[in-house]
Amino acid sequence: MAGVAQVVDLRQQTSQGLPLPGVVSSTQITWLHETQRVRNELLDELERLGHLSEQLESCYQDQFPGSDETPLDVELRAAVRSCPVATQEIVQFARELLHDYGTSLSAEDLPDVQQRARYDIRNMLAPVYGVSQEVEITAPADSQVTEVAIELQHACQSATHLLDFLTGKTGRDTRIRADDIQLQAVSANANEIEPARILVADDNVTSADQLRMHLVRQGHSVLVVHDGQAAMTALDQHRDIDLVLLDVIMPGLDGVQLLSWIKHHDELRHVPVIMVSGLADDQRTVDCIAAGAEDYLSKPINTVLLDARVGSCLRRRQAEKHRLQQYFSRELTRELACNSEDLLRTRDADVSILFCDIRRFSAISERVGAATTIEWIGSTLGALSRVVFEQQGVLIDYIGDGLMAMWGAPKPLDNHADLAVRAGHSMLRALEQINGEWTPRLQEIIKLGIGINSGSAHVGVIGSSPKFKYGPLGSTVNWASRVEGTTKSLQSSLIVTQHTKKQLRDKSGYSIRRLCRARVVNIRRPVSLYEVHAFDEQLTPVFRTYQTALRLYERRQFRDAARLLGRLLATYEDLADVPSQLLMSRVLSAMADERSFDPVWEFSK
């Protein structure tokens, strides 16, 4: 490494950069001598790589004879075995390419040779460097194979330094940045980053395999392609990609062109991209970052930098997903992560709104105390929220002891009414398990009231910068809230409006009856309310008789309605049907004072 320090000193003293051959001067002669020396040092360092690769293969075979191997271990063994051949190819290529470097090359040829040397030799070094890092990660810290792997890494770094100086570049990735060290420290806890789906696009098969092997060992799922067109196809087919590692130079569609396509794609532009290249070119780095890349890594890739920058990208993406998953199902979250701007924009949408409330919450919480109440309400709302997500809904908010959910936005759903009603019944089924767990502790059976309404609403992000949420506004929402309130008076667990009932595509799975025409507080326009049960053949005669009596009542045929309800209540006395009792009370009141009769039921709460 002493030679590297001398070269760097000389580099710092040459303020105008490396002179081109052709003009004989004392400066030129000095540069020629130094160029020859650095070239020879580079070739010697590459020769040393070959010896270290052979030593690594031998030590690895002794340390790991091959029993009880995982597929990744098998791959790593094959990669270690290929290192000596790879380093021989590097030496041969470098000797041929740099044979005339600094002597008989013309000024026109020099830039091309410099770029080829930077790009091709870096690319060829990358797999050797990657193998040495993987061996260091997996082998015992105090073993000989680890020592050789570390020495091989140092040789790769030294060769890269020499190559960068020889070709007029100081690679930006030859030292680990302070912020990368911080990122690596933060990401040391593997639980902090969830396994992700990563696309690696690199035309160098060996480099791509090295990246895949390392990322898989970190717990990620990795898809590998070897050209830009294949990467485009993969992104079109796999919309669950969380991160792209993209080689800059590839055949056909190159990395920069593919990056531009990704960032202009409506559904993919939010997928983070890290560019990877054998070109240690600061301007190319700036261009890629300006085009939308999250970061840029130069080959050979340092796994500390790789883990730090991959971790940084995934943490940001996963944090956004976790935020969205508070409100949206996992499936919808994946779509929003790719296209949140379009999906969450404010618009009018046809939706179904559900309000759910826990009955007698105040009385129960006062009796059991704060600690038990917090545990109980958390468990209950958690179970109800899972139902919303299972039925493709959006959890809008928790409102005290209840929740509000929506179907039909941000993603349009033709069957939003069916999904909302299905969710309501799933909540009632989930309540059975909740009661099994909590009734002994609460000394009371928990009941729910669920109200659903469908119609047009303004949906979008509501609130201001300190606090906001995605949700609906408008009369459709107000009606749903008021309908949930009527479940208390009507003693029914699930009530929907005429608008929701009309939009139900599949009514066969339910027992449904019209309860009344209702007018609620602050909304003067009446609406028909329907009680919805899971289909029960025993309820059919009850519901049919009730609806006949309701029509008679609304037509002022009070005596006929009373006789019908009387028989109903007597026949099904054990059912204790509260809506039938309420209707009978209204019929009797109307018979006593027909002048005050109003077929619309008023609900003040």
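Predicted, not measured: the structure shown is a model, and the values here were computed from it.

## Observations concerning the pattern of salt bridges
If the charged atoms of two oppositely charged side chains come close together, the side chains can form a pair.
Phase 1: The tally for this structure, following the rule as stated, stands at 26 salt bridges.
Phase 2: When the shortest N-O distance is used, the salt bridge between Asp202 and Lys299 registers 2.8 Å. In this pair, Asp202 sits in the loop between β1 (197-201) and α7 (205-217) while Lys299 sits in the loop between β5 (295-298) and α11 (303-325), placing the two residues 97 residues apart along the sequence.
Phase 3: For Lys299, a relative accessible area of 2% corresponds to the buried category.
Phase 4: With a closest N to O distance of 2.7 Å, Glu531 and Arg513 form a salt bridge. Pair noted here: Glu531 is in strand β13 (residues 523-534) and Arg513 is in strand β12 (residues 510-520), with a separation of 18 residues, a long-range link.
Phase 5: Residue Glu531 is classed as buried on the basis of its relative accessible area, which comes to 4%.
Phase 6: A cluster of three or more residues bridged by salt bridges with shared partners is formed by Arg519, Arg524, Asp598 and Glu602.

## A short note on the packing of aromatic side chains
Phase 1: Under the counting rule described, the total for this entry stands at five aromatic pairs.
Phase 2: Taking the centre distance of 4.8 Å and the plane angle of 45 degrees together, the rings of Tyr60 and Phe64 count as tilted.
Phase 3: With 5.1 Å between their ring centres and 85 degrees between their planes, Tyr553 and Phe597 make a pair best called edge-to-face. Here Tyr553 is found in helix α18 (residues 539-554), whereas its partner Phe597 is found in the loop between α20 (578-592) and β14 (600-603), with 44 residues between them in sequence. Of the two residues, Tyr553 and Phe597, neither departs from the other in class, the shared state being buried.
Phase 4: Taken together, the aromatic side chains of Tyr553, Phe558 and Phe597 make up a single cluster linked through ring pairs.
Phase 5: The cationic tip of Arg586 hangs over the ring face of Trp601; the distance from NZ or CZ to the ring centre is 4.4 Å.

## Observations regarding the packing of helix α14 (residues 370-390) against helix α15 (residues 416-442)
Phase 1: As a packed pair, α14 and α15 sit with axes 9 Å apart at the nearest point and diverge in direction by 160 degrees. Here α14 is positioned roughly antiparallel relative to α15, judged by the angle of their axes. Of the two elements, α14 crosses α15, and the hand of that crossing is right-handed. For the pair α14 and α15, the contacting residues are Thr372, Glu375, Trp376, Ser379, Thr380, Ala383, Leu384, Val387 and Val388 in the first and Ala423, Ser426, Met427, Ala430, Ile434, Glu437, Trp438, Arg441 and Leu442 in the second.
Phase 2: Of the residues in the contact of α14 with α15, the class split is eleven nonpolar, four polar and three charged.

## Topic: empty space enclosed by the protein
Over the atoms, a rolling probe the size of a water molecule traces out where space has been left empty.
Phase 1: In this structure the tally under the stated criterion is one cavity of 30 Å³ or more.
Phase 2: Reported here for the largest cavity is a volume of approximately 140 Å³.
Phase 3: Lining the largest cavity are 14 residues, and of these Ala126, Gly130, Gln210, Leu211 and Ile301 sit closest to its centre.
Phase 4: Looking at the lining of the largest cavity, the elements with two or more residues in it are α4 (109-138), α7 and α11.

## Regarding the pairing of strand β3 (residues 243-247)
Phase 1: Most of β3 sits inside the fold, with five of its five residues counted as buried.
Phase 2: Neither face of β3 is left uncovered, since the one carrying Leu243, Leu245 and Asp247 and the one carrying Val244 and Leu246 both have all their residues buried.
Phase 3: When β1 meets β3, the two strands line up parallel, connected through four bridges. Bridge pairing links Ile198 to Leu243 in β3.
Phase 4: Alignment of β3 against strand β4 (residues 273-277), held across four bridges, turns out to be parallel. Its bridge partner lying in β4, Leu246 is registered against Met275.
Phase 5: A crossover links β3 with its parallel partner β4, the connecting element being helix α9 (residues 255-263), and its sense is right-handed.

## Focus on the side chain of Gln210
Phase 1: Along the chain, the position of Gln210 falls in helix α7.
Phase 2: Accessibility expressed as a relative area gives 10% for Gln210, which makes it buried.
Phase 3: Contact partners of Gln210, with chain neighbours within four places excluded, come to Ala79, Pro127, Gly130 and Val131.

## Comments concerning the sheet that holds strand β2 (residues 221-225)
Phase 1: Strand order in the open sheet made by the five strands is β2-β1-β3-β4-β5, with parallel pairing throughout. Strand pairing shows two members of the sheet lacking a second neighbour, β2 and β5, which therefore form its edges. Neighbouring strand axes in the sheet, compared pairwise and without regard to direction, differ in orientation by 20 degrees on average.
Phase 2: Taken together, the four bridges between β4 and β5 define a ladder with parallel strand orientation. The residue of β5 that forms the bridge with Met275 is Tyr296.

## Topic: the layout of surface pockets
Phase 1: Counted as a void, the largest pocket has a volume near 860 Å³.
Phase 2: Of all the secondary-structure elements, those providing two or more residues to the lining of the largest pocket are α15, α16 (475-490), β13, α18 and α20.
Phase 3: Per element, the largest residue contribution to the lining of the largest pocket is six residues, and it comes from α15.
Phase 4: Residues belonging to the lining of the largest pocket are distributed by class as follows: 15 nonpolar, eight polar and eleven charged.

## Things to note about the environment of Gln503
Phase 1: Along the polypeptide, Gln503 turns up in helix α17 (residues 498-503).
Phase 2: Along the backbone, Gln503 and Asp418 are 85 residues apart, and their C-alpha atoms lie at a distance of 7.7 Å.
Phase 3: At 3.2 Å, the side chain of Gln503 and the side chain of His416 are in polar contact.

## As for unusual backbone geometry
Phase 1: For the peptide bond that leads from Lys299 to Pro300, omega is -5 degrees, which places it in the cis range.
Phase 2: Its location among the elements puts Pro300 in the loop between β5 and α11.
Phase 3: A cis amide bond, omega 0 degrees, links Ala409 with the succeeding residue Pro410.
Phase 4: With respect to the element layout, Pro410 can be found in the loop between β8 (402-407) and α15.

## As for helix α5 (residues 144-166)
Phase 1: End to end, α5 covers 33 Å across 23 residues, agreeing with the expected 33 Å (1.5 Å per residue, within 8%).
Phase 2: Looking one or two places after α5, you find Gly168, whose phi comes out positive at around 80 degrees.

## Remarks on the confidence of the model for the chain
Phase 1: Mean pLDDT for the chain: 83, with 83% of residues reaching 70 or above.
Phase 2: Here helix α1 (residues 2-13) stands out as the least confident element of the chain, with mean pLDDT 42; strand β11 (residues 494-497) is the most confident, with 97.
Phase 3: For residues 1-24, every residue scores under 50 in pLDDT, and the model assigns this stretch 36 contacts once sequence neighbours within four places are set aside.
Phase 4: Across residues 171-191 the pLDDT falls below 50, and counting only partners more than four positions away or on other chains, this stretch makes 39 contacts in the model.

The rules behind the values
- Residues numbered from 1 in each chain as written.
- Predicted model: local features only at pLDDT ≥ 70, side-chain atom pairs only at ≥ 80, totals over all residues.
- Heavy atoms only, no water.
- Salt bridge = Lys/Arg side-chain N within 4 Å of Asp/Glu carboxyl O.
- Helix = DSSP H or I, 4+ residues; strand = E, 2+ residues; numbered from the N terminus.
- Buried < 20%, exposed > 50% of the residue type's maximum accessible area, 1.4 Å probe, protein only.
- Phe/Tyr/Trp six-rings, centres within 6.5 Å; stacked < 30°, edge-to-face > 60°.
- Lys NZ or Arg CZ within 6 Å of the ring centre and 35° of its normal.
- Axes fitted to C-alpha atoms, helices over the stretch in contact; angles between N-to-C directions.
- Parallel < 35°, antiparallel > 145°, perpendicular 65-115°, else oblique.
- Left-handed = near helix turned anticlockwise from the far one by under 90°.
- Contact = heavy atoms within 4.5 Å.
- Nonpolar A, V, L, I, M, F, W, Y, C, P; charged D, E, K, R; others polar.
- 1 Å grid on protein atoms, 1.4 Å probe; cavity = no way out; pocket = protein on both sides within 12 Å on 5 of 7 lines; lining within 4 Å.
- Points joined across faces, edges and corners; volume = space filled by probe spheres on them.
- Pairing = 2+ DSSP bridges.
- Right-handed = clockwise from strand over helix to strand, strands pointing away.
- Polar contact = N/O pair within 3.5 Å; in protein donor to acceptor, adjacent residues only side chain to side chain.
- Expected span 1.5 Å × (residues − 1).
- pLDDT = per-residue confidence, 0-100.

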